[in-house]
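Listed here are the chains, written in short residue letters.
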Amino acid sequence: MGERRFKESFRDAWAGISYSILTQRNMKIHLAAAVFVLLVSKLLRLNRLELALVVFAITLVLVAEMFNTAVEKTVDLYINTYHPGARLAKHIAAGAVLAAAINAVIIGLIVFIPHLVGSGLSNLLSVSGNLMSVILRL
Ligand SMILES: Nc1ncnc2c1ncn2[C@@H]1O[C@H](COP(=O)(O)OP(=O)(O)OP(=O)(O)O)[C@@H](O)[C@H]1O
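Just so you know, these numbers come straight off a predicted model, no measurement behind them.

Observations regarding the site of the ligand
Phase 1 of the analysis: Within the structure, the ligand sits among Gln24, Asn26, Asn68, Glu72, Thr81, Tyr82, His83, Ala86, Arg87, Lys90 and His91.
Phase 2 of the analysis: Separating a nitrogen atom of the ligand from a backbone N or O atom of His83 is a distance of 3.0 Å.
Phase 3 of the analysis: Contact between the ligand and Lys90: an oxygen atom at 2.5 Å from a side-chain N or O atom of the residue.
Phase 4 of the analysis: For the ligand, whose free accessible area comes to 630 Å², the fraction covered by protein is 59%.
Phase 5 of the analysis: Within the residue set of the shell around the ligand, elements represented by two or more residues are helix H3 (48-78) and helix H4 (84-137).
Phase 6 of the analysis: The element best represented in the shell around the ligand is H4, accounting for four residues.

Below, the structure is given as structure tokens:
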């Protein structure tokens, strides 16, 4: 019984993630950006701590976007006419996504700038070249 409930919970949670990815345009954009950032992270050979920070920042954005979708769905369930409270709830949820995205940009700058400056412009160009060939091979 306990195991069945765990499996059902997992399946439901996975359904929520799939729904968000399949129906939310912003979620698709975040995921595409995440794949790009992870490819760059691999090419720049980030250390484990740097990679952990990048993965954490990416996850935070995706989680915020899913909560934003959940808030939108919940609000729409209860009200389909204009209400300042509904507007505010959606704006705060969208604000959470923005805050997570700003956090991701700050972490990105802290982690990537030393690698890019340290390795120089020529390396940056070679990273871009490598990235293009990885993308073309996909
Ligand atoms: N019931 C409502 N009352 C007042 N304003 C609303 C209401 N529903 C939506 N809005 C306004 O319209 C905006 C867009 O709401 P909507 O539910 O369409 O989100 P969305 O466009 O899907 O947002 P996102 O781009 O984050 O997915 C809200 O941010 C809010 O300003």
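Thoughts on the UniProt feature "binding site: a divalent metal cation" (unreviewed entry) in the protein
Phase 1 of the analysis: The feature "binding site: a divalent metal cation" (unreviewed entry), as annotated in UniProt, sits at Glu72 in this numbering.
Phase 2 of the analysis: Within the element layout of this structure, Glu72 appears in helix H3.
Phase 3 of the analysis: Look past the residues within four positions of Glu72 in its chain and what remains in contact with it is Gln24 and Lys90.

Some details on the environment of Ala70
Phase 1 of the analysis: Structurally, Ala70 can be placed in helix H3.
Phase 2 of the analysis: In sequence terms Ala70 and Gly16 are 54 residues apart; their C-alpha atoms lie 9.3 Å from each other.

Overview of the nonpolar core
Phase 1 of the analysis: Core analysis: the biggest nonpolar cluster contains 14 residues, and Val40, Leu44, Leu46, Val54, Ile58, Val111 and Phe112 have the highest contact counts within it.
Phase 2 of the analysis: Elements supplying a minimum of two residues to this core: helix H2 (25-43), H3 and H4.
Phase 3 of the analysis: Ignoring sequence-local partners within four residues, the contact set of Ile58 consists of Ala34, Val37 and Leu38.

Remarks on the pattern of salt bridges
Phase 1 of the analysis: For the structure shown, the criterion picks out one salt bridge.
Phase 2 of the analysis: Taking the shortest distance from any N to any O, the salt bridge between Lys90 and Asp76 comes out at 2.7 Å. On the criterion of sequence distance, the pair formed by Lys90 in helix H4 and Asp76 in helix H3 is long-range, its members being 14 residues apart.
Phase 3 of the analysis: Among the residues examined, Asp76 registers a relative accessible area of 42% and is labelled partly exposed.

Criteria and cut-off values
Residues numbered from 1 in each chain as written. Predicted model: local features only at pLDDT ≥ 70, side-chain atom pairs only at ≥ 80, totals over all residues. Heavy atoms only, no water. Near = heavy atom within 4 Å. Polar contact = N/O pair within 3.5 Å; in protein donor to acceptor, adjacent residues only side chain to side chain. Areas by Shrake-Rupley, 256 points an atom, 1.4 Å probe, with all protein chains shown as cover. Helix = DSSP H or I, 4+ residues; strand = E, 2+ residues; numbered from the N terminus. UniProt positions renumbered as here; feature names shortened; annotations may be inferred. Contact = heavy atoms within 4.5 Å. Core = buried A, V, L, I, M, F, W, Y, C linked by side-chain atoms within 4.5 Å. Buried < 20%, exposed > 50% of the residue type's maximum accessible area, 1.4 Å probe, protein only. Salt bridge = Lys/Arg side-chain N within 4 Å of Asp/Glu carboxyl O.

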